[in-house]
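# Analysis of the macromolecular model
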Amino acid sequence: MSKKMTLSIDPDLYKQLEQRFKGDEQGLNQFIIDAIKNQSKAENLFPKEEDDLKSYLQKGSSGSRTYGVKGQGW
């Protein structure tokens, strides 16, 4: 389900967007969503969970028995 968000932007930027999209509200919405997604990918703001697990598993040394709850090692 979509959530609604209100943004306050610079009047000059608003004028530029208004001229570009000429009343096409759906086009403007999609442009903003795409811009946010592209920026978040570029900055890696929302890493995937599988990436977190993969990096966690790669941090441990191979053959290490110091994992789990203390006292649960071999």
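Conventions used here
Residues numbered from 1 in each chain as written. Predicted model: local features only at pLDDT ≥ 70, side-chain atom pairs only at ≥ 80, totals over all residues. Heavy atoms only, no water. Helix = DSSP H or I, 4+ residues; strand = E, 2+ residues; numbered from the N terminus. Buried < 20%, exposed > 50% of the residue type's maximum accessible area, 1.4 Å probe, protein only. Contact = heavy atoms within 4.5 Å. Phe/Tyr/Trp six-rings, centres within 6.5 Å; stacked < 30°, edge-to-face > 60°. Patch = residues over 30% accessible without salt bridge, like charges linked within 9 Å, V, L, I, M, F, W, Y side chains within 5 Å. Areas by Shrake-Rupley, 256 points an atom, 1.4 Å probe, with all protein chains shown as cover. Salt bridge = Lys/Arg side-chain N within 4 Å of Asp/Glu carboxyl O.

### Points about unusual backbone geometry
Its identity as a non-glycine residue notwithstanding, Lys22 has a phi of 45°, on the positive side. Within the secondary structure, Lys22 sits in the loop between α1 (11-21) and α2 (25-43). A relative accessible area of 70% means that Lys22 is categorised as exposed.

### Considerations on the side chain of Ser40
Mapped onto the fold, Ser40 is located in helix α2. Those residues within four positions of Ser40 in sequence are excluded, and the remaining contacts are Leu45 and Phe46.

### A short note on the packing of aromatic side chains
Throughout the structure, instances matching the rule amount to 1 aromatic pair. Between Phe21 and Phe31, the ring centres sit 5.4 Å apart and the planes meet at 55°, which makes this aromatic pair tilted. Linking Phe21 in helix α1 with Phe31 in helix α2, this pair joins segments that are 10 residues apart in sequence. Judged by relative accessible area, Phe21 falls into the buried class, the value being 14%.

### Brief notes about a nonpolar patch on the surface
On the surface, Met5, Leu7, Ile9, Leu13 and Tyr14 cluster together into a nonpolar patch covering about 520 Å² of accessible area. Its place among the elements puts Ile9 in the segment before α1. The exposure class of Ile9 is partly exposed, given its relative accessible area of 38%.

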